[in-house]
Amino acid sequence: MLFAASAARSADLPSLFGGPFSLIDETGARVAPDSYAGKFMLVYFGYSYCPDICPTDLAVVGQALDSLGPLVERVQPLLISVDPERDRWESLAAFTDAFHPALVGLTGTEAEVAAAAKAYRVHRRKFRLDGASEDDYLVDHSTLTYLMGPDGRFVTMFPRGTTPARMTEVLRKYLSG
């Protein structure tokens with residue numbers, strides 16, 4: 001009985017993460033998951049003002065992508081901003097290009113970003129340290145990296161702390177299949 005319940009939960013996993021979104025990419029174009037149809041999407045939620053976690057996680061993504069060789073052409077890495085107030089589409093490319101040339105930053109209105117975060121079950125919360133000004137805040141957020149299939153459905157996720165070698169190994173498994 002427990003195995004059946006566990007198997008049922010595993011079967012539901014692909015429906016728990018991902019879904020429609022409508023955001024603006026770093027060129028100013030409106031995009032949705034079907035904009036990347038036929039490619040695996042490697043989706044990370046973060047922001048350009050992040051002092052430590054996002055740059056570290058995005059460096060891992062960049063290193064893993066660099067290790068894929070020609071398979072990298074089958075992947076569209078995406079950074080969906082959790083801070084649309086400061087992350088404007090006009091400035092995202094300067095941030096994403098520091099990690100990998102294929103990494104595309106996405107943002108939108110607060111409502112659009114909230115909808116994308118909800119679809120991926122991403123927690124995000126703005127907070128200020130004591131004495132900080134109105135513009136000086138951090139965003140606490142989930143730190144998973146999602147792999148979505150060419151059909152836009154959830155494949156797997158990488159938790160914070162995944163090494164570039166492990167991410168490359170898992171990506172190769174799905175991309176070679």
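So, how was this worked out
Residues numbered from 1 in each chain as written. Predicted model: local features only at pLDDT ≥ 70, side-chain atom pairs only at ≥ 80, totals over all residues. Heavy atoms only, no water. Salt bridge = Lys/Arg side-chain N within 4 Å of Asp/Glu carboxyl O. Helix = DSSP H or I, 4+ residues; strand = E, 2+ residues; numbered from the N terminus. Buried < 20%, exposed > 50% of the residue type's maximum accessible area, 1.4 Å probe, protein only. Pairing = 2+ DSSP bridges. Contact = heavy atoms within 4.5 Å. Axes fitted to C-alpha atoms, helices over the stretch in contact; angles between N-to-C directions.

Visitor: Where do I start with the pattern of salt bridges in this structure?
Guide: Charged atoms that come close allow side chains of opposite charge to pair. Across all of its chains, the model carries 6 salt bridges by this definition. A salt bridge links lysine 126 to glutamate 85, with the shortest nitrogen-to-oxygen separation between them at 2.6 Å. Within this pair, whereas lysine 126 is found in strand E6 (residues 124-127), its partner glutamate 85 is found in the loop between strand E4 (75-81) and helix H3 (89-96), the two being separated by 41 residues in sequence. Residue glutamate 110 pairs with arginine 124 through a salt bridge whose shortest N-O separation is 2.3 Å. Of this pair, glutamate 110 sits in helix H4 (residues 110-119) while arginine 124 sits in strand E6, and the two are 14 residues apart along the sequence. Take glutamate 110: its relative accessible area is 47%, and that puts it in the partly exposed class. Here arginine 124 falls in the partly exposed class, since its relative accessible area comes to 22%.

Visitor: Got a minute to help me understand the sheet that holds strand E5 (residues 104-107) in this structure?
Guide: Hydrogen bonds along the backbone pair up the strands of a sheet, which may run parallel or antiparallel. The sheet built from 7 strands is open, its strands ordered E2-E1-E5-E4-E3-E8-E9 with mixed pairing. Pairing within the sheet leaves two strands with one partner each, and these edge strands are strand E2 (30-31) and strand E9 (154-158). Pairing of strand E3 (residues 40-46) with strand E8 (residues 145-148) involves 4 bridges; the strand directions are antiparallel. Considered in E8, the bridge of methionine 41 is made with methionine 148. Helix H2 (residues 53-67) contacts E3, E4 and E8 of the sheet and is inclined by roughly 165° relative to E3. Of the strands in this sheet, strand E1 (23-25), E2, E3, E4 and E5 are in contact with H4, which crosses E1 at around 100°.

Any link to function would need more than the numbers given here.
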